[in-house]
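Take a look at the letters that make up each chain.
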Amino acid sequence: MTPAGKRITLISVGILALAGVGSLLATELALKHSITLNSYGNPVGGSFRLMDATTGTMTDKSFQGRWMLVLFGATHCGQDACTPALQAMSAAMDEVDPGKRKMVIIFVSLDPDRDDAQRLRQYGETISPRVVAGTAAPFALADLAKEYHAPVEKMTDPEWDYVMRMSPQFVVMDPQTRYRGTIDAQADKASMAASLRQIMAADAPAP
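Draft legend 1. Representation of the state of the cysteines within the structure. According to the stated counting rule, one finds one disulfide in the structure shown. The disulfide bridge from Cys 77 ends at Cys 82, spanning 2.0 Å between sulfur atoms. On the sign convention where negative is left-handed, the bridge of Cys 77 and Cys 82, at about 60 degrees about the S-S bond, is right-handed. Take Cys 77 and Cys 82: they sit in the same class, and that class is buried.

Draft legend 2. Focus on the packing of aromatic side chains. Applying the stated rule across the entire model yields two aromatic pairs. Just above the ring of Tyr 162 sits the side chain of Arg 114; from NZ or CZ to the centre is 3.7 Å. Just above the ring of Tyr 162 sits the side chain of Lys 154; from NZ or CZ to the centre is 4.3 Å.

Draft legend 3. Seen up close, the nonpolar core. Leu 69, Leu 86, Met 89, Phe 170 and Ile 183 are the most contacted members of the largest nonpolar core, which has 30 residues in total. Among the elements of the structure, β3 (67–73), α2 (82–96), β4 (103–109), α3 (117–127), β5 (131–135), β8 (169–173) and α5 (189–203) are those that each provide at least two residues to this core. Looking at which element gives the most residues to this core, the answer is α2, with seven residues. The contact partners of Ile 183, leaving out residues within four places of it in the chain, are Leu 69, Met 89, Pro 168, Gln 169, Phe 170, Val 172, Met 192, Ser 195, Leu 196 and Ile 199. Leu 50, Leu 110, Tyr 162 and Met 173 belong to the second largest nonpolar core, which has 25 residues in total.

Draft legend 4. Representation of α2. A rise of 1.5 Å per residue sets the reference length of α2, with its 15 residues, at 21 Å; its end C-alpha atoms lie 21 Å apart and thus fit the reference within 8%. Regarding α2, the residues found buried are Cys 82, Ala 85, Leu 86, Ala 88, Met 89, Ser 90, Ala 92 and Met 93.

Draft legend 5. The arrangement of unusual backbone geometry in detail. Of note, Asp 80 is a non-glycine position whose phi angle comes to about 50 degrees, a positive value. When you line up the elements, Asp 80 lands in the loop between β3 and α2. For Lys 100, which is not glycine, the phi torsion reads 60 degrees and is therefore positive. Along the chain, the position of Lys 100 falls in the loop between α2 and β4.

Rules used in this analysis
- Residues numbered from 1 in each chain as written.
- Predicted model: local features only at pLDDT ≥ 70, side-chain atom pairs only at ≥ 80, totals over all residues.
- Heavy atoms only, no water.
- Disulfide = S-S within 2.5 Å.
- Buried < 20%, exposed > 50% of the residue type's maximum accessible area, 1.4 Å probe, protein only.
- Phe/Tyr/Trp six-rings, centres within 6.5 Å; stacked < 30°, edge-to-face > 60°.
- Lys NZ or Arg CZ within 6 Å of the ring centre and 35° of its normal.
- Core = buried A, V, L, I, M, F, W, Y, C linked by side-chain atoms within 4.5 Å.
- Helix = DSSP H or I, 4+ residues; strand = E, 2+ residues; numbered from the N terminus.
- Contact = heavy atoms within 4.5 Å.
- Expected span 1.5 Å × (residues − 1).

Here it is, written out as structure tokens:
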């Protein structure tokens, strides 16, 4: 290899190394620093900022223009409740929004110690492209859960040592991040689809 080629190779390796360090630093910052939440005047829900499944960050503004169904839980979920709830809601969305452009599920992990970016990505991929998973530092999660009226409860588990309890309801936020209601997280697909249609119809402008 020529001296020039070696320099180019070293520069490329250096850039990749810096990119990797930058990604790690972004993750550390996301998990250590809180943000000021804004309810936007909602009685339930509002702004959020989470470390997403690609070690970047996502906020409520990332999904402006789409309905957001927000659920709190973890990949190690109490009573194995999170996966069936997410699967049922994903299927209900496919029925209500077959084009897959209007709705997204925001799954907030309350277990940042175990749910890193790679695990969140793998977990979401096993359920549906509609599921966008994220987490934050424990104190930031506590504030966010309070904003969305979601319990934060750690339960003992013989296999996993502990698991996190799933919030009982999906919180429904409209495309302008306005609170529009809740849907039972343990309902079946048909009930979820009916609830989605009812909430969206109530939000539709009068003819």
